[in-house]
Amino acid sequence: MGYMVSVVTVCFNAERELERTIKSVLSQSFRNFEYVLKDGDSSDSTNQIIQRYKKEFKDRQISMQHIISKDMGIYDAMNQAVSYCTGEWVIFMNAGDGFYDSQVLSDVFNKCCWDAVDVIYGHTLMKISSKYAIIINHDAEHLEREWSMNHQSIFERKRVLKNYPFEKDYQIVSDYDHLLRIYKTCVFSKCNVIISVMNREGVSNKRIVIRNKENMLLCQKYGIKMKRKSVLGSYIKECIRKAFPALEGFFYAKNPSPYS
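Below you will find a few notes about this structure. (Residues numbered from 1 in each chain as written. Predicted model: local features only at pLDDT ≥ 70, side-chain atom pairs only at ≥ 80, totals over all residues. Heavy atoms only, no water.)

## Thoughts on the overall build of the chain
The criterion, for reference: Put simply, DSSP H or I for four residues or longer makes a helix, DSSP E for two residues or longer makes a strand, and each gets a number counted from the N terminus. The criterion used for residue contact is that any of the two residues' heavy atoms lie within 4.5 Å. Per-residue accessibility takes into account occlusion by the displayed protein chains alone, with areas from the Shrake-Rupley method and a 1.4 Å probe.
When you go through the chain residue by residue, the secondary structure sums to 10 helices and 10 strands. The long-range share in the chain, meaning contacts at least 24 apart out of those at least 6 apart in sequence, stands at 79%. For the chain, the accessible area works out to roughly 13300 Å², and carbon and sulfur atoms hold 51% of it.

This is how it looks when you write it as C-alpha coordinates:
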(Lines give C-alpha, C1' and ligand atoms only; values in the text may rest on other atoms or scores of the structure.)
Protein backbone atom coordinates (compact mmCIF):
# COMPACT_ATOMS: atom_id res chain seq x y z
CA MET A 1 0.00 0.00 0.00
CA GLY A 2 1.38 3.47 0.86
CA TYR A 3 -0.67 5.20 -1.81
CA MET A 4 -0.23 8.86 -2.69
CA VAL A 5 -3.50 10.75 -3.22
CA SER A 6 -4.12 14.02 -5.07
CA VAL A 7 -7.13 15.97 -3.84
CA VAL A 8 -8.20 18.44 -6.53
CA THR A 9 -10.39 21.52 -6.20
CA VAL A 10 -11.31 23.50 -9.30
CA CYS A 11 -13.03 26.81 -8.77
CA PHE A 12 -14.05 30.12 -10.27
CA ASN A 13 -15.40 33.08 -8.29
CA ALA A 14 -16.06 30.72 -5.39
CA GLU A 15 -15.41 33.00 -2.43
CA ARG A 16 -18.63 31.92 -0.68
CA GLU A 17 -18.07 28.15 -0.91
CA LEU A 18 -14.32 27.57 -1.15
CA GLU A 19 -13.28 27.99 2.46
CA ARG A 20 -15.59 25.18 3.57
CA THR A 21 -13.89 22.84 1.09
CA ILE A 22 -10.34 23.87 2.04
CA LYS A 23 -11.06 23.31 5.75
CA SER A 24 -12.47 19.87 4.95
CA VAL A 25 -9.29 18.91 3.08
CA LEU A 26 -7.04 20.38 5.75
CA SER A 27 -8.82 18.36 8.46
CA GLN A 28 -7.85 14.97 7.02
CA SER A 29 -5.87 12.78 9.42
CA PHE A 30 -4.27 10.98 6.46
CA ARG A 31 -1.01 12.66 5.51
CA ASN A 32 0.11 11.01 2.28
CA PHE A 33 -1.77 13.39 0.02
CA GLU A 34 -1.33 16.65 -1.86
CA TYR A 35 -3.81 19.43 -2.54
CA VAL A 36 -4.13 20.89 -6.03
CA LEU A 37 -6.28 24.02 -6.41
CA LYS A 38 -6.99 25.15 -9.97
CA ASP A 39 -8.64 28.56 -10.29
CA GLY A 40 -10.01 29.89 -13.57
CA ASP A 41 -8.71 33.43 -12.98
CA SER A 42 -11.39 34.56 -10.53
CA SER A 43 -12.30 38.22 -10.18
CA ASP A 44 -13.51 37.92 -6.56
CA SER A 45 -11.49 37.06 -3.42
CA THR A 46 -11.12 33.33 -4.25
CA ASN A 47 -7.35 33.43 -4.75
CA GLN A 48 -6.81 35.60 -1.68
CA ILE A 49 -8.62 32.95 0.36
CA ILE A 50 -6.35 30.25 -1.06
CA GLN A 51 -3.24 32.29 -0.24
CA ARG A 52 -4.35 32.59 3.39
CA TYR A 53 -4.31 28.82 3.83
CA LYS A 54 -0.91 28.09 2.26
CA LYS A 55 0.95 28.40 5.55
CA GLU A 56 -1.42 26.00 7.32
CA PHE A 57 -0.80 23.31 4.69
CA LYS A 58 2.95 23.95 4.85
CA ASP A 59 2.95 23.73 8.66
CA ARG A 60 1.22 20.36 8.42
CA GLN A 61 3.68 19.25 5.73
CA ILE A 62 0.98 18.82 3.11
CA SER A 63 2.02 19.79 -0.39
CA MET A 64 -0.28 22.45 -1.87
CA GLN A 65 -0.28 23.69 -5.46
CA HIS A 66 -2.17 26.83 -6.47
CA ILE A 67 -2.69 27.23 -10.22
CA ILE A 68 -4.37 30.24 -11.78
CA SER A 69 -5.19 29.91 -15.48
CA LYS A 70 -8.13 30.55 -17.74
CA ASP A 71 -10.19 27.57 -18.85
CA MET A 72 -13.29 26.71 -20.86
CA GLY A 73 -15.36 25.59 -17.89
CA ILE A 74 -15.36 23.02 -15.10
CA TYR A 75 -14.41 19.97 -17.18
CA ASP A 76 -11.57 21.75 -18.96
CA ALA A 77 -10.39 22.94 -15.54
CA MET A 78 -10.52 19.37 -14.18
CA ASN A 79 -8.48 18.11 -17.15
CA GLN A 80 -5.91 20.85 -16.62
CA ALA A 81 -5.66 20.10 -12.91
CA VAL A 82 -4.86 16.42 -13.53
CA SER A 83 -1.67 17.42 -15.36
CA TYR A 84 -0.38 18.95 -12.09
CA CYS A 85 -1.18 15.92 -9.93
CA THR A 86 1.67 13.76 -8.68
CA GLY A 87 -0.48 11.28 -6.76
CA GLU A 88 -1.39 7.81 -7.92
CA TRP A 89 -5.04 8.40 -7.02
CA VAL A 90 -7.09 11.52 -7.77
CA ILE A 91 -10.35 12.78 -6.26
CA PHE A 92 -12.18 15.96 -7.28
CA MET A 93 -13.52 17.84 -4.27
CA ASN A 94 -14.61 21.06 -5.91
CA ALA A 95 -15.63 24.35 -4.31
CA GLY A 96 -18.59 23.82 -1.99
CA ASP A 97 -17.99 20.08 -1.61
CA GLY A 98 -16.41 18.44 1.41
CA PHE A 99 -15.23 15.15 2.90
CA TYR A 100 -17.73 13.46 5.20
CA ASP A 101 -15.31 13.58 8.13
CA SER A 102 -11.60 13.85 8.94
CA GLN A 103 -11.03 10.09 8.62
CA VAL A 104 -12.19 9.54 5.03
CA LEU A 105 -8.79 9.27 3.35
CA SER A 106 -7.45 7.13 6.19
CA ASP A 107 -10.49 4.83 6.10
CA VAL A 108 -10.11 4.31 2.35
CA PHE A 109 -6.35 4.03 1.94
CA ASN A 110 -5.02 2.70 5.24
CA LYS A 111 -7.38 -0.26 5.54
CA CYS A 112 -7.56 -1.77 2.05
CA CYS A 113 -5.28 -2.85 -0.79
CA TRP A 114 -6.32 -1.32 -4.12
CA ASP A 115 -3.44 -2.56 -6.28
CA ALA A 116 -5.73 -4.34 -8.76
CA VAL A 117 -8.33 -1.55 -8.91
CA ASP A 118 -8.70 1.46 -11.23
CA VAL A 119 -11.71 3.23 -9.67
CA ILE A 120 -12.69 3.28 -5.98
CA TYR A 121 -16.10 4.64 -5.05
CA GLY A 122 -18.11 5.08 -1.87
CA HIS A 123 -21.28 6.75 -0.66
CA THR A 124 -22.43 10.38 -0.74
CA LEU A 125 -24.35 12.23 1.96
CA MET A 126 -26.67 14.60 0.10
CA LYS A 127 -28.00 17.49 2.19
CA ILE A 128 -31.55 18.30 1.13
CA SER A 129 -32.12 20.98 3.77
CA SER A 130 -30.34 22.50 6.76
CA LYS A 131 -31.64 19.65 8.95
CA TYR A 132 -32.02 16.59 6.74
CA ALA A 133 -29.93 14.54 4.34
CA ILE A 134 -30.06 11.30 2.40
CA ILE A 135 -27.27 8.79 1.80
CA ILE A 136 -26.74 7.95 -1.86
CA ASN A 137 -25.53 4.36 -2.11
CA HIS A 138 -23.65 4.32 -5.39
CA ASP A 139 -23.29 1.18 -7.49
CA ALA A 140 -21.21 0.98 -10.67
CA GLU A 141 -23.62 -1.62 -12.07
CA HIS A 142 -26.22 1.13 -12.36
CA LEU A 143 -24.11 3.23 -14.73
CA GLU A 144 -25.70 1.57 -17.72
CA ARG A 145 -29.16 2.05 -16.23
CA GLU A 146 -29.15 5.85 -16.50
CA TRP A 147 -27.68 6.38 -13.02
CA SER A 148 -24.33 8.10 -12.60
CA MET A 149 -22.14 8.52 -9.50
CA ASN A 150 -20.97 11.70 -7.81
CA HIS A 151 -17.36 12.42 -8.73
CA GLN A 152 -16.85 13.76 -5.19
CA SER A 153 -17.12 10.17 -3.95
CA ILE A 154 -14.79 8.61 -6.53
CA PHE A 155 -11.03 8.00 -6.42
CA GLU A 156 -9.54 7.30 -9.83
CA ARG A 157 -6.11 6.35 -11.09
CA LYS A 158 -4.35 9.37 -12.58
CA ARG A 159 -3.38 7.37 -15.66
CA VAL A 160 -7.05 6.64 -16.37
CA LEU A 161 -7.93 10.34 -16.14
CA LYS A 162 -5.08 11.21 -18.48
CA ASN A 163 -6.05 8.50 -20.99
CA TYR A 164 -9.77 9.36 -20.85
CA PRO A 165 -10.05 13.11 -20.21
CA PHE A 166 -13.42 14.75 -19.66
CA GLU A 167 -15.22 15.83 -22.82
CA LYS A 168 -15.62 19.61 -22.98
CA ASP A 169 -18.71 19.52 -25.22
CA TYR A 170 -21.04 18.79 -22.28
CA GLN A 171 -21.99 21.41 -19.72
CA ILE A 172 -23.16 19.05 -16.97
CA VAL A 173 -22.79 15.33 -17.70
CA SER A 174 -19.18 14.94 -18.85
CA ASP A 175 -18.28 13.09 -15.64
CA TYR A 176 -21.05 10.57 -16.38
CA ASP A 177 -19.81 10.25 -19.97
CA HIS A 178 -16.30 9.62 -18.63
CA LEU A 179 -17.51 6.82 -16.34
CA LEU A 180 -19.45 5.18 -19.18
CA ARG A 181 -16.35 5.27 -21.40
CA ILE A 182 -14.16 3.51 -18.85
CA TYR A 183 -16.72 1.14 -17.33
CA LYS A 184 -16.04 -1.80 -19.63
CA THR A 185 -12.22 -1.57 -19.50
CA CYS A 186 -11.46 -0.48 -15.91
CA VAL A 187 -11.85 -2.29 -12.60
CA PHE A 188 -14.37 -0.58 -10.29
CA SER A 189 -14.45 -1.40 -6.59
CA LYS A 190 -16.83 -0.20 -3.89
CA CYS A 191 -15.77 0.75 -0.39
CA ASN A 192 -18.29 1.00 2.44
CA VAL A 193 -17.35 4.55 3.36
CA ILE A 194 -19.30 7.82 3.09
CA ILE A 195 -16.79 9.85 1.10
CA SER A 196 -18.36 13.25 0.58
CA VAL A 197 -21.04 15.67 1.72
CA MET A 198 -22.87 17.63 -0.97
CA ASN A 199 -25.80 19.97 -1.16
CA ARG A 200 -28.38 20.55 -3.90
CA GLU A 201 -26.87 23.85 -4.99
CA GLY A 202 -24.71 22.49 -7.82
CA VAL A 203 -25.29 23.40 -11.46
CA SER A 204 -26.66 19.95 -12.34
CA ASN A 205 -29.48 20.41 -9.83
CA LYS A 206 -30.30 23.95 -10.90
CA ARG A 207 -30.22 23.49 -14.67
CA ILE A 208 -32.47 20.47 -14.92
CA VAL A 209 -33.52 21.07 -18.52
CA ILE A 210 -29.93 21.03 -19.82
CA ARG A 211 -29.05 18.06 -17.62
CA ASN A 212 -31.94 15.99 -18.95
CA LYS A 213 -31.15 16.90 -22.57
CA GLU A 214 -27.52 15.90 -22.14
CA ASN A 215 -28.49 12.69 -20.36
CA MET A 216 -30.68 11.78 -23.34
CA LEU A 217 -27.73 12.37 -25.67
CA LEU A 218 -25.56 10.09 -23.53
CA CYS A 219 -28.19 7.37 -23.49
CA GLN A 220 -28.40 7.50 -27.28
CA LYS A 221 -24.60 7.45 -27.55
CA TYR A 222 -24.20 4.38 -25.32
CA GLY A 223 -27.44 2.58 -26.19
CA ILE A 224 -28.94 2.99 -22.74
CA LYS A 225 -32.69 2.63 -22.49
CA MET A 226 -34.26 5.52 -20.65
CA LYS A 227 -37.65 6.98 -19.97
CA ARG A 228 -38.05 10.04 -22.15
CA LYS A 229 -38.36 13.14 -19.99
CA SER A 230 -40.55 16.07 -20.96
CA VAL A 231 -38.64 19.30 -21.55
CA LEU A 232 -41.69 21.23 -20.34
CA GLY A 233 -41.94 19.08 -17.23
CA SER A 234 -38.23 19.59 -16.51
CA TYR A 235 -38.60 23.34 -16.93
CA ILE A 236 -41.59 23.44 -14.56
CA LYS A 237 -39.69 21.39 -11.98
CA GLU A 238 -36.71 23.73 -12.29
CA CYS A 239 -38.92 26.78 -11.74
CA ILE A 240 -40.68 25.22 -8.73
CA ARG A 241 -37.36 24.46 -7.05
CA LYS A 242 -36.16 28.01 -7.55
CA ALA A 243 -39.40 29.48 -6.19
CA PHE A 244 -39.93 27.00 -3.36
CA PRO A 245 -36.56 25.58 -2.19
CA ALA A 246 -38.20 24.17 0.94
CA LEU A 247 -39.90 21.57 -1.25
CA GLU A 248 -36.52 19.96 -2.02
CA GLY A 249 -37.08 17.21 0.51
CA PHE A 250 -40.39 16.31 -1.10
CA PHE A 251 -38.66 15.47 -4.38
CA TYR A 252 -35.87 13.35 -2.89
CA ALA A 253 -36.94 11.69 0.33
CA LYS A 254 -40.21 11.07 2.09
CA ASN A 255 -38.45 10.14 5.33
CA PRO A 256 -35.01 11.76 5.31
CA SER A 257 -32.47 11.15 8.04
CA PRO A 258 -31.55 13.96 10.44
CA TYR A 259 -28.22 15.62 9.69
CA SER A 260 -25.99 17.55 12.03
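## Some words on the pairing of strand S1 (residues 5-11)
For clarity, the threshold we go by: The buried label applies to any residue whose accessible area, calculated with a 1.4 Å probe on protein chains only, is under 20% of its type's maximum; exposed applies above 50%, and partly exposed to all values in between. Note: two strands are recorded as paired if DSSP finds a minimum of 2 bridges between them. A crossover counts as right-handed when, viewed with the strands pointing away from the observer, the path leading from the first strand over the helix to the second turns clockwise.
Counting buried residues in S1 gives 7 out of 7 residues, a clear majority hidden from the surface. Examined bridge by bridge, S1 and strand S2 (residues 33-39) share 7 bridges and lie parallel to one another. Across the sheet, Val 5 pairs through a bridge with Phe 33, a residue of S2. Viewed along the sheet, the connection from S1 through helix H1 (residues 18-26) into S2 turns out right-handed.

## Digging into the pattern of salt bridges
Stated precisely, the cut-off is as follows: A side-chain nitrogen of Lys or Arg and a carboxyl oxygen of Asp or Glu constitute a salt bridge if their distance falls within 4 Å.
One pass over the full model with this rule turns up 11 salt bridges. Two residues, Asp 71 and Lys 38, come together in a salt bridge whose shortest N-O distance is 2.6 Å. Highlighted residues: Asp 71 in the loop between strand S3 (64-68) and helix H3 (74-82) and Lys 38 in strand S2, separated in sequence by 33 residues. Judged by its relative accessible area of 26%, Asp 71 falls in the partly exposed class. For Asp 177, the salt bridge is made with Lys 221, and the minimal N-O distance between the two is 3.0 Å. Taken together, the residues Asp 177 in helix H6 (residues 174-182) and Lys 221 in helix H8 (residues 208-222) connect sequence positions 44 residues apart.

## Notes on the nonpolar core
Inclusion rule: For the purposes of this section, nonpolar cores are sets of buried Ala, Val, Leu, Ile, Met, Phe, Trp, Tyr and Cys residues that join through side-chain atoms within 4.5 Å.
Val 7, Val 108, Phe 109 and Phe 155 are the most contacted members of the largest nonpolar core, which has 34 residues in total. Mapped by element, the contributors of at least two residues to this core are S1, H1, S2, helix H2 (46-59), strand S4 (89-92), helix H4 (104-109) and strand S9 (188-199). Non-local contacts of Val 7, meaning those with residues more than four positions away in its chain, are made with Val 25, Phe 33, Glu 34, Tyr 35, Val 36, Ile 91, Met 93, Phe 99 and Leu 105. Counting 19 residues, the second-largest nonpolar core is a separate cluster that includes Val 119, Val 160, Ile 172 and Cys 186.

## Describing unusual backbone geometry
Phi angles above zero are rare outside glycine, and Asn 13 is one such case at about 50°. Following the sequence through the fold, Asn 13 ends up in the loop between S1 and H1.

## Focus: the packing of aromatic side chains
Here is the rule: In this scheme Phe, Tyr and Trp rings, the latter by its six-membered ring, pair at centre separations within 6.5 Å, and the angle between planes marks the pair as stacked below 30 degrees, edge-to-face above 60, and tilted otherwise.
In total, this model carries 9 aromatic pairs according to the counting rule given. Between the aromatic rings of Phe 30 and Phe 109, the centroid separation amounts to 6.1 Å while the plane-to-plane angle is 35°, which identifies the pairing as tilted. Highlighted residues: Phe 30 in the loop between H1 and S2 and Phe 109 in helix H4, separated in sequence by 79 residues. Note on Tyr 75 and Phe 166: the rings are 5.9 Å apart at their centroids and 35° apart in plane angle, and the pair reads as tilted. Linking Tyr 75 in helix H3 with Phe 166 in the loop between helix H5 (158-163) and H6, this pair joins segments that are 91 residues apart in sequence. Here Tyr 75 and Phe 166 have matching classes, each one buried. In textbook terms, an aromatic cluster arises when at least three aromatic residues are bridged by ring pairs, as seen for Tyr 3, Phe 30, Trp 89, Phe 109 and Phe 155.

## Regarding H3
Residues of H3 that are buried: Tyr 75, Asp 76, Ala 77, Met 78, Ala 81 and Val 82. Where H3 is buried, its residues contact S1, S2, S4, H5 and H6.

## What to know about the pairing of S3
Here 5 bridges tie S2 to S3, and the two strands are oriented parallel to one another. From the neighbouring strand, Leu 37 faces S3, where its bridge partner is His 66. Once the chain exits S2 it traverses H2 before rejoining the sheet at S3, and the crossover so formed is right-handed.

## Notes on the packing of H1 against H2
Keep this limit in mind: For helices, the fitted axis covers only the stretch in contact; all axes are lines through C-alpha atoms, and the angles between them, taken along N-to-C directions, range from 0 to 180 degrees. Any angle that is under 35 degrees is reported as roughly parallel, and any over 145 degrees as roughly antiparallel; angles of 65 to 115 degrees are reported as roughly perpendicular and all others as oblique. Left-handed describes a crossing whose near helix is turned anticlockwise from the far helix through less than a right angle; right-handed describes the clockwise counterpart. Each residue is assigned to one class: nonpolar for Ala, Val, Leu, Ile, Met, Phe, Trp, Tyr, Cys and Pro, charged for Asp, Glu, Lys and Arg, and polar for all the others, Gly among them.
Relative to each other, H1 and H2 sit at 15°, their axes nearing to 10 Å. In this view, H1 runs roughly parallel relative to H2, as classed from their interaxial angle. Relative to H2, H1 is oriented so that their crossing is right-handed. The residues of H2 that touch H1, namely those facing Leu 18, Glu 19, Ile 22, Lys 23, Val 25 and Leu 26, are Thr 46, Ile 49, Ile 50, Arg 52, Tyr 53, Glu 56 and Phe 57. Here the contact of H1 with H2 is composed, by residue class, of 8 nonpolar, 1 polar and 4 charged.

## Considering the environment of Val 25
Within the fold, Val 25 resides in helix H1. For Val 25 and Asp 101, which are 76 residues apart along the polypeptide, the C-alpha to C-alpha distance reads 9.5 Å. In contact with Val 25, other than residues within four places in its own chain, are Val 7, Phe 33, Tyr 35, Phe 57 and Phe 99.

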